[in-house]
Amino acid sequence: MKKRVLIVGGVAGGASAAARLRRNSEEYEIVMFEKGPHVSFSNCALPYRLSGTIQSANRLVLMSPEKFKSQYNIEARVSSEVLSIDKYNKEVKVKNLLTGEIYKEKYDKLILSPGARPIIPNIPGIENVNVFTIRNVVDIDNLNKFIQKLQADARERAEFENGHIKGAINIPLSELRERVNEIPKDKTVYLNCRTGQRSYNAVLALQHLGFNNVVNITGSFLGLSFYEAYNDKLKNRESILTNYNFK
Ligand SMILES: Cc1cc2nc3c(=O)[nH]c(=O)nc-3n(C[C@H](O)[C@H](O)[C@H](O)COP(=O)(O)OP(=O)(O)OC[C@H]3O[C@@H](n4cnc5c(N)ncnc54)[C@H](O)[C@@H]3O)c2cc1C
């Protein structure tokens, strides 16, 4: 009878062990458990997803469970967390994280390659939504979604044309109701107006409509103009505004 090898962890260590085992012998039945949704992805390339060099998170994933099966005859079970090991009976308890089903699997050999978890220091505020740890494709996707932002300006058109944040779109508060479809839900949307009052109202209206990704820039365009003009001159840097407007 074929010997059964179970592997806990399906990224660099686990996937390499599985592939090496198969290259050495056809005699093993190999099952690899990964609690995340992906096996064998490139951690080292995660930063390139943020820079945009790698355009889609899918391209970080090197192998799929289907490829493991067809190329190596290895069963890779994703979203499957190994909860415990019973070394006397040589079995592990596994939870299917998608269905909640818990089952046992017997092994002859068990390989543990569960990697590590980022340490989260006990600093007040660390639980905030804008604090991230980066370990896998899901983490980088979440961070990437967070930093993908849209700048929207709630002033009237003439005010906008007199000067605005470069790259901003203009959705005057008076047109918000008709143009709400232009506000994406998958990006953080920063709103500004002249003093912060109209953009504050826009944020409230959007939140009422179910947007939880909208942020008012306090100080708004007037404050930005003063701050940016001062710093641009002082530091000789390129302005982020098309024009300052101090009125
Ligand atoms: C952003 C970043 C950049 C990096 N760049 C480089 C680089 O340039 N060069 C380099 O050499 N290294 C780099 N590394 C480090 C390298 O990625 C790691 O050393 C390597 O991934 C470790 O592999 P591993 O399989 O031991 O652990 P991991 O990659 O952590 O994989 C372990 C897997 O086990 C799973 N797991 C844990 N417990 C269970 C359980 N109970 N049941 C089921 N599954 C479980 C986890 O979900 C995880 O996916 C980088 C790492 C990061 C995060």
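Residues numbered from 1 in each chain as written. Predicted model: local features only at pLDDT ≥ 70, side-chain atom pairs only at ≥ 80, totals over all residues. Heavy atoms only, no water.

Would you mind going over the site of the ligand with me for this structure?
The full set close to the ligand counts 19 residues, and Gly13, Glu34, Asn43, Val82 and Arg135 are the nearest of them. For the ligand, an oxygen atom lies 3.5 Å from a polar atom in the side chain of Asn43. One of the backbone N or O atoms of Val82 is found 3.0 Å from a nitrogen atom in the ligand. Protein contacts shield 65% of the accessible area of the ligand, which totals 1,000 Å² for the unbound molecule. (Near = heavy atom within 4 Å. Polar contact = N/O pair within 3.5 Å; in protein donor to acceptor, adjacent residues only side chain to side chain. Areas by Shrake-Rupley, 256 points an atom, 1.4 Å probe, with all protein chains shown as cover.)

I would appreciate a short explanation of the sheet that holds strand S10 (residues 149-153) in the present structure.
The strand order S11-S10-S12-S13 describes an open sheet built from 4 strands, whose pairing is parallel. For this open sheet the edge positions go to strand S11 (169-170) and strand S13 (214-216), each flanked by a neighbour on one side alone. Bridge count between S10 and strand S12 (residues 188-192): 5 bridges; the pairing is parallel. Bridging across to S12, Leu150 finds its partner in Val189. (Pairing = 2+ DSSP bridges. Helix = DSSP H or I, 4+ residues; strand = E, 2+ residues; numbered from the N terminus.)

Is there a simple way to think about the packing of aromatic side chains in this case?
What characterises a pair of aromatic rings is the spacing of the ring centres plus the angle enclosed by the ring planes. All told, the structure shown has 3 aromatic pairs when counted by the stated rule. Between Phe68 and Tyr72 the ring centres are 6.1 Å apart and the planes differ by 40 degrees, which places this aromatic pair in the tilted class. Here Tyr72 and Phe68 lie together in helix H3 (residues 65-72), a separation of 4 residues that amounts to about one turn. A single burial state applies to Phe68 and to Tyr72, both of which are buried. Three or more aromatic residues link up through ring pairs in this structure, and these residues are Phe226, Tyr244 and Phe246. Stacked on the ring of Phe221, the Lys or Arg Arg155 has its end atom at 4.2 Å from the ring centre. Lys185 extends its terminal NZ or CZ atom over the ring of Phe211, reaching a point 4.8 Å from the ring centre. (Phe/Tyr/Trp six-rings, centres within 6.5 Å; stacked < 30°, edge-to-face > 60°. Buried < 20%, exposed > 50% of the residue type's maximum accessible area, 1.4 Å probe, protein only. Lys NZ or Arg CZ within 6 Å of the ring centre and 35° of its normal.)

Help me understand unusual backbone geometry, please; the structure alone is not making it clear to me.
Among all residues except glycine, the phi angle is most often negative; among peptide bonds, the trans geometry is most common. Positioned with a positive phi, Ser40 is a non-glycine residue whose angle comes to about 50 degrees. In this fold, Ser40 is placed in strand S3 (residues 39-41). Overall, the relative accessible area of 12% leaves Ser40 in the buried class. Non-glycine residue Ser79 carries a positive phi angle of around 50 degrees. Positionally, Ser79 belongs in the loop between strand S5 (74-77) and strand S6 (80-86). Note on Ser79: relative accessible area 10%, which makes it buried.

Please explain the domain arrangement of the protein chain as it appears in this structure.
Interface size is often expressed as the accessible area that is lost when the parts come together. Per the domain assignment, the segments making up the protein chain are domain 1 (3-112) and domain 2 (148-235). One C-alpha centre belongs to domain 1, the other to domain 2; they are set 45 Å apart. (Domains from an automatic or database assignment.)

What's the story with the sheet that holds strand S1 (residues 3-8) in this structure? I'm lost.
Hydrogen bonds between backbone atoms are what pair the strands of a sheet, whose relative direction is either parallel or antiparallel. The sheet built from 4 strands is open, its strands ordered S5-S2-S1-S9 with parallel pairing. Each edge of the open sheet is held by one strand with a lone partner, namely S5 and strand S9 (109-112). Here the strands of the sheet are splayed against their neighbours by 15 degrees on average, with no regard to which way each runs. Two strands pair when backbone bridges link them, and S1 and strand S2 (residues 28-33) are joined in this way by 6 bridges, in the parallel orientation. (Axes fitted to C-alpha atoms, helices over the stretch in contact; angles between N-to-C directions.)

Whenever I open this one, the layout of surface pockets confuses me. Can you help?
Summary: where empty space remains is shown by rolling a probe the size of a single water molecule over the atoms. The calculated volume of the largest pocket comes to roughly 710 Å³. Around the largest pocket, the lining comprises 29 residues; the ones closest to its centre are Glu34, Lys35, Pro114, Gly115 and Ala116. For the lining of the largest pocket, the secondary-structure elements that each account for two or more residues are helix H1 (12-24), S6 and helix H4 (137-147). There is about 200 Å³ of room inside the second largest pocket. Forming the boundary of the second largest pocket are 11 residues, of which Asn142, Lys145, Phe146, Asp186 and Thr188 lie nearest the centre. Tallying contributions element by element places H4 first for the lining of the second largest pocket, with 3 residues. Taken together, the residues of the lining of the second largest pocket sort by class into 3 nonpolar, 4 polar and 4 charged. (1 Å grid on protein atoms, 1.4 Å probe; cavity = no way out; pocket = protein on both sides within 12 Å on 5 of 7 lines; lining within 4 Å. Points joined across faces, edges and corners; volume = space filled by probe spheres on them. Nonpolar A, V, L, I, M, F, W, Y, C, P; charged D, E, K, R; others polar.)

Is there a simple way to explain helix H8 (residues 220-235) in this structure?
Every α-helix carries 3.6 residues per turn, so stepping three or four residues along brings you back to the same face. A rise of 1.5 Å per residue sets the reference length of H8, with its 16 residues, at 22 Å; its end C-alpha atoms lie 21 Å apart and thus fit the reference within 8%. Of the residues making up H8, those classed as buried are Ser220, Phe221, Leu222, Leu224, Ser225, Glu228, Ala229, Asn231 and Asp232. Close packing links the buried residues of H8 with S12 and helix H7 (197-208). Asn236 occupies a position one or two residues after H8 and carries a positive phi of about 55 degrees. (Expected span 1.5 Å × (residues − 1). Contact = heavy atoms within 4.5 Å.)

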